[in-house]
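Spelled out, the chains give:
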Amino acid sequence: MKKLYSFLLILVFVNCQNKKAEKVEFTYENGIEKIVMEIENGQGFLIYDQPTKTNFVLTNIDPFSLVIQGPGIKVLGTKGKTIMRTEINVPGNYLEKDTLTIKIRFGENYSKEHEFNIPLKKVE
C-alpha cells in the first residue's frame, strides 16, 4: 500500500512540474504574418504593480515597423530580427476591468493592427 501512495505522490509531483514548464502564449496570425506574445513567467495573466517581462515573437514582420501600445508597457529592445522584448507593469486600480488591452500596429504606414487582451490579477 505504501508503494502505491509513493507512486501516486511521484505522479502528482511530476504532473505539477510539467504544468509549470508550459508557457502561455497569445497569438495573432494572418497568412504568413504571425505575432506570439509570451509572458516570461509562464502564466496566462499579469499581476498589478508587478513588472513582468514579455516577448513578442514575430514571423514575417519587421520589428522596426512594430508599435506596441498600452498602459505600463516599456519596450526593452529587440533580440535579433524576430523578438521585441518588453516589460509590463500596470498600476493597481488603473483599469476599470481586470483586462489589459495591448494594441499592436505594424506594416506599411502601420496599416495592420491587432489587440491582445491580457487578464490582470491582484496580489492576494
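Treat the numbers as computed from the prediction; the structure is a model and nothing was measured.

Draft legend 1. The packing of aromatic side chains, seen in detail. Tallying each qualifying case throughout the model produces 2 aromatic pairs. Seen from their ring centres, Y28 and F106 are 5.9 Å apart, and the 70 degrees between their planes marks the pair as edge-to-face. Separated by 78 residues along the polypeptide, Y28 in strand β1 (residues 25-30) and F106 in strand β8 (residues 99-106) bring together distant segments of the chain. Neither residue differs from the other here; Y28 and F106 are each classed as buried. Between the aromatic rings of F56 and F116, the centroid separation amounts to 6.3 Å while the plane-to-plane angle is 55 degrees, which identifies the pairing as tilted. Pair noted here: F56 is in strand β4 (residues 52-59) and F116 is in strand β9 (residues 112-121), with a separation of 60 residues, a long-range link. For the pair shown, F56 and F116 are each scored as buried. A cation sits over an aromatic face here: K121 above F45, 4.2 Å from the ring centre.

Draft legend 2. Fine view of the sheet that holds strand β3 (residues 46-47). Pairing is mixed across the open sheet formed by 4 strands, whose spatial order is β3-β9-β8-β5. The two strands at the open ends of the sheet, each matched to only one other strand, are β3 and β5 (67-69). Direction of pairing for β8 relative to β9: antiparallel, over a ladder of 8 bridges. Pairing of R105 across the sheet is with E113, part of β9.

Draft legend 3. View of the pattern of salt bridges. One pass over the structure, following the stated rule, counts 5 salt bridges. One salt bridge in this structure joins K112 and E33, with 2.9 Å as the shortest N-O distance. Residue K112 is found in strand β9, and its partner E33 is found in strand β2 (residues 33-39); the two are separated by 79 residues along the sequence. Residue classification places K112 among the partly exposed positions, given a relative accessible area of 33%. The partner of E87 in a salt bridge is K74, with the nearest N and O atoms 3.9 Å apart. Of this pair, E87 sits in strand β7 (residues 83-88) while K74 sits in strand β6 (residues 73-79), placing them 13 residues apart in sequence. Take E87: its relative accessible area is 19%, and that puts it in the buried class. Relative accessible area serves as the criterion here: at 47%, K74 is assigned to the partly exposed category. Linked by salt bridges that have partners in common, K53, K74 and E87 make up one network.

How each quantity is defined
Residues numbered from 1 in each chain as written. Predicted model: local features only at pLDDT ≥ 70, side-chain atom pairs only at ≥ 80, totals over all residues. Heavy atoms only, no water. Phe/Tyr/Trp six-rings, centres within 6.5 Å; stacked < 30°, edge-to-face > 60°. Helix = DSSP H or I, 4+ residues; strand = E, 2+ residues; numbered from the N terminus. Buried < 20%, exposed > 50% of the residue type's maximum accessible area, 1.4 Å probe, protein only. Lys NZ or Arg CZ within 6 Å of the ring centre and 35° of its normal. Pairing = 2+ DSSP bridges. Salt bridge = Lys/Arg side-chain N within 4 Å of Asp/Glu carboxyl O.

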